[in-house]
Structures are given as C-alpha cells and as structure tokens.
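# Close look at the chain arrangement
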Amino acid sequence: MDQERNLDQDRNRDRDRTRTRTGTGTGTGSGSGPRPGPNRDQEPGQELGLGRDRARVKIGAGRTETGTGSRSGPGAGHGSGSESGPGHGSGPEPGPGPGPAVPRPGAAPPPAGPTRWGICSAGAISHDFVLALQTLPREEHTVAAVAARDLGRARCFAQHFGVPRAYGSYEELAQDPGIDVVYVGVVNPAHLPTGLLFLRRGRPVLMEKPMALGAHEVAQLVRTAREKGVFLMEGFWTRFFPAWRRLRSLARGGSLGSPLVLRGELGFNLGGVPRLRDPRLGGGVLLDLGGYGVQMALGLLGGETPPQITAHGTLHPTGVDESVSVSLSFPGGHLASLVFSMAAELPGGAALGGPQGWAELPTHMNCPTELLWGGHRERFPLPPPAEPPNFPHSTGLRYEAQHVRECLLKGLTESPEMPLAESEVIARLLDQAREQVGVTVQGATTE
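Overview of the structure. Model, not experiment: these values are computed from the prediction.

With that out of the way, let us pick up empty space enclosed by the protein. For the largest cavity, the calculated volume is near 80 Å³. In terms of lining, the largest cavity is formed by 16 residues, of which the most central are P210, A212, E234, A427 and L430. Broken down by element, the lining of the largest cavity gets its largest block of residues, six residues, from helix α11 (residues 420-436). Among the residues forming the lining of the largest cavity, the class breakdown is 10 nonpolar, three polar and three charged.

So, on to helix α10 (residues 397-409). Taking 1.5 Å of rise per residue, 13 residues should cover 18 Å, and α10 covers 19 Å from first to last C-alpha, within 8% of that figure. With respect to burial, α10 is a largely interior element, 11 of its 13 residues being buried. Buried within α10 we find L397, R398, Y399, E400, A401, Q402, H403, V404, R405, C407 and L408. Following α10 by one or two positions, G411 adopts a phi angle in the positive range, close to 75°.

Alignment of strand β14 (residues 357-361) against strand β15 (residues 370-373), held across two bridges, turns out to be antiparallel. Within the sheet, the bridge partner assigned to A359 lies in β15 and is W373. Two strands pair when backbone bridges link them, and β15 and strand β16 (residues 376-379) are joined in this way by four bridges, in the antiparallel orientation. Among the inter-strand pairings, E370 is bridged to a residue of β16, identified as R379. The turn joining β15 and β16, which pair antiparallel and follow one another in sequence, is formed by two residues; a positive phi near 60° is taken by G374.

Glancing now at the packing of aromatic side chains. Here the structure, examined in full by the defined rule, presents six aromatic pairs. Seen in terms of ring centroids, F129 and Y183 are 3.9 Å apart; in terms of plane orientation they differ by 5°. Their pairing is stacked. In this pair, F129 sits in helix α2 (residues 124-134) while Y183 sits in strand β6 (residues 181-184), placing the two residues 54 residues apart along the sequence. The class for Y183 is buried, based on a relative accessible area of 0%. Relative to Y292, the ring of F236 lies with its centre 6.0 Å away and its plane at 75°, an arrangement referred to as edge-to-face. Taken together, the residues span a long stretch of sequence, with F236 in the loop between β8 (232-235) and α7 (242-252) and Y292 in helix α9 (residues 285-301) at a distance of 56 residues. Residue classification places Y292 among the buried residues on the basis of a relative accessible area of 1%. Pairwise contacts between aromatic rings join W117, F129 and Y183 into one cluster.

Taken as a whole and judged by the stated rule, the model has 15 salt bridges. With a closest N to O distance of 2.7 Å, E417 and R245 form a salt bridge. Taken together, the residues span a long stretch of sequence, with E417 in the loop between α10 and α11 and R245 in helix α7 at a distance of 172 residues. Since its relative accessible area comes to 5%, E417 is described here as buried. Judged by relative accessible area, R245 falls into the buried class, the value being 4%. In this structure, R263 and E265 form a salt bridge, with 3.4 Å as the shortest nitrogen-oxygen distance. Taking the relative accessible area as the measure of exposure, E265 reaches 12% and is therefore buried. Because the salt bridges share partners, they merge into one network encompassing R245, R248 and E417.

Glancing now at unusual backbone geometry. Cis rather than trans, the peptide bond between K209 and P210 has omega equal to -10°. Turning to its location among the elements, P210 is positioned in the loop between β7 (205-208) and α6 (215-228). In this chain, S258 is followed by P259 through a cis amide linkage whose omega measures 5°. Tracing the backbone through its elements, the reader meets P259 in the loop between α7 and β9 (261-267). With phi around 60°, H393 is a residue other than glycine that occupies positive phi space. Relative to the elements of secondary structure, H393 occurs in the loop between β16 and α10.

Moving on to the packing of α7 against α9. Here α7 crosses α9 at 40°, and the two axes come no closer than 9 Å. The orientation of α7 relative to α9 falls into the category oblique. The residues of α9 that touch α7, namely those facing W244, L247, R248, A251 and R252, are M296, L298, G299 and L300. Across the contact of α7 with α9, the residue classes tally to six nonpolar, one polar and two charged.

In this section: the pairing of strand β10 (residues 308-315). As paired elements, β10 and strand β11 (residues 321-329) share eight bridges and run antiparallel to each other. From the neighbouring strand, T310 faces β11, where its bridge partner is S327. The turn joining β10 and β11, which pair antiparallel and follow one another in sequence, is formed by five residues; a positive phi near 105° is taken by G319.

What counts as what
- Residues numbered from 1 in each chain as written.
- Predicted model: local features only at pLDDT ≥ 70, side-chain atom pairs only at ≥ 80, totals over all residues.
- Heavy atoms only, no water.
- 1 Å grid on protein atoms, 1.4 Å probe; cavity = no way out; pocket = protein on both sides within 12 Å on 5 of 7 lines; lining within 4 Å.
- Points joined across faces, edges and corners; volume = space filled by probe spheres on them.
- Helix = DSSP H or I, 4+ residues; strand = E, 2+ residues; numbered from the N terminus.
- Nonpolar A, V, L, I, M, F, W, Y, C, P; charged D, E, K, R; others polar.
- Expected span 1.5 Å × (residues − 1).
- Buried < 20%, exposed > 50% of the residue type's maximum accessible area, 1.4 Å probe, protein only.
- Pairing = 2+ DSSP bridges.
- Phe/Tyr/Trp six-rings, centres within 6.5 Å; stacked < 30°, edge-to-face > 60°.
- Salt bridge = Lys/Arg side-chain N within 4 Å of Asp/Glu carboxyl O.
- Axes fitted to C-alpha atoms, helices over the stretch in contact; angles between N-to-C directions.
- Parallel < 35°, antiparallel > 145°, perpendicular 65-115°, else oblique.
- Contact = heavy atoms within 4.5 Å.

As far as function goes, none of this settles anything; it's purely spatial.
Dropping the structure here:
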C-alpha cells in the first residue's frame, strides 16, 4: 500500500485512461490494444428475425475438426478470428433472496484434475477469456474445445490457442463428453437459446452478462438449470476482483458505518457500435453497462428485500436507452445513485460513503484494480496477458474462472457469491428501469 500525497492528481490520471469492457457484442480476435466493446459477440451468419417481439437465433450446424494443440497455451501471433460471440476472494456473501449453493442432485464433484473449458463463440471476448485462463495454473484450467458458427473461425481460434477440438456448431460442443463447463460469449439475443441448449444437455454454464434480455428469459434459464441440477452463473466478473472484495469487506465489516450511500458512473462514446443501437440485438446502455452498477449496489447495500428503483433517461432515435440515471433505495436508508451513458465519456469510478468515512474505486468500477481508502491507495495488479487483449483488464476474467472451478469441485449448482436469485433481481430491476425511460423491451424466444 503506497501513501499518496495528492489523490486529485491520481484521479485525473485515472480518468484520462479510463476505458471499459462493455456488454456482449461482436468483435474481431485480438487487436493491437484495449478498446471499448464494439460488437464483440455476434457471429457472421447469425439469423436474427425482424419480428417485433422476438429474435430468431439459429444455433448453427457444422462438423468437428481437430486442432493442432493439446491444451490452452500462449498461442502464436494475434487475432482469434472475426466472430464474437461474453474474482475470487475472501468468501461467500449472500445476495438478495436465497442463493442456494447446493450440491448437484445425484452427481459427484468432478475429479480434481484441470477444469476442462468449452468455449462457445470464437470472438473477441472469448479470446480474452482464454488469455485470462492462461494466467492460471495449467494443472487447474485447460481449454478442451471451441465452437463457432463458422468452422473456419473455430479452427483459427483452436490453432491460435492450441485447443484440441474445434466445432462448427454449438450442438457439437454440447455433445462433447470431454468438457466440464462451457463459457458462453455469444451475442445477447442468443443467450437464452444457447444457454438452454447446454443446460438441457447437462453442461454447466458460465453465461456472460447480461444473463439474457430480460427477467422472463433469465427465469427460463434459472428454472432449467434448477430442474436439471446443472451449474449456471452469470458472468459479472466485477464480483471477483480483489479490489471489489476489499470494498465489500469495508462495507459489510462496518468500517464506513451505516447508512451507506453509493455513487457511480460509467460512460463511453459508443455511438459507432451498431449492436448498441439495435433493439433486436439487446442494444441500449442499461443492458450493456447498467448491470455493473446495479449488481454493485446489490452487493454493497442489498439484503433480503430488493430495492425500489427510479430511472430517468434519454433514448437513441432507434428507441434504445442511450443515457440513464438510476436511483436505488434500500431498506435501512441505504441509497445508490448511478449514471450510465453510451453517448458521453464519464470518469468510470464509484465511491461508497457512510458516517465513518468513504472509499473509492477511482476508475474502472466494473473491473477495478485500485481502491482509495483512509488516505491510501491500495493496488491489486493483474498478471500480464500473453498478448494484447481486446478489452482493458481482461485478465481479470481469471477470478471468475477460479470461482467457477471451486463451485464445480464442490458439486454446487450455483455460486454462493453470484447466486441465481440475484441475477433474477438484477434482470427485474433493469426491466423496470428500461420501462421507466420508455424502452420497448424486445427479446429472443426459443420458438
């Protein structure tokens, strides 16, 4: 911990360099350096119906091809194809409502060898997820297979990272007996049908946020996971960053006093990202960035009773939410004030205060590596990636991967730190916020 004499100077420095990994979109392989999250998930050829109330998502069909490597390694060169698709700390914390972390019925924990990951979608965020896995011990994590809607892109991804098996359809990945868990990083409207595909075949799933396009879809995924007794977790990676855990320990340990007030903002000029403007693709700032703030408020201020939400905002000409301010009122007098924008650059930090003091994540509230507290700056550096990532701080995905492995080794069906009940609360709050600012919610369907 380094004493800082001029925190204002440091805040200015942080704001100058702030960027973020935004929600699931489409992208192209690895670039020359970090950038905001345009279009990181969608795959070429994905069918998205033009109907008002639903987007038809084609899961894909293809054939199996074997890559050249045997496990996830450093890879060679840059780029993982142009398709896109998408903490660990001091101990479990309850979310709002019950978060049963129960062993899978009738199932024993997997053997304590490496967790064998299947990667669903060979796009930009999947590329970064594998980079993050490379920073973990090889005896604990390996990438066993990758699936893309285009076999050529899956092969390219497999060759790049030394993945043994590449598939041209998600169905083939779901049938692969040599995987323990699937990381799903597809475009937002495909989260529901793709998640159902894997869950119905008994495959544990780490679903990139948002879990789905709305509360109704999230409920379908949660219900299926529980009926099948299969692990499912929403990939809010923020929950597992050491800086976040440190902030949460200050809040829950009483260091700041009570009641608590949270202030946060996250904003980028993302007007050039087509999927964020398209209602059929789950566009809008709340699904892309708003979930980070809502989950933070629940994690720091929440309890058994969900908060009351009030939202005000402006819409893009296409009808998606462009800039939104959100107020959350919790029992006990706790309050959160949050601002999200895809039209304006914002500092990207969050501060939590109470009668006894305050603590601040000066930047990157969604993937923090520093915490200001008591006149000091605490740093939590990330390990360097083997090659430039597509999104800032992407090696921090390692923390949620570690947590998923721990859950699977214990035979759990859900995370005690990111429980499914909390994912449902987040989805309901985001639905309410979008309705309050005038968004017509559209979503995928399995029909």
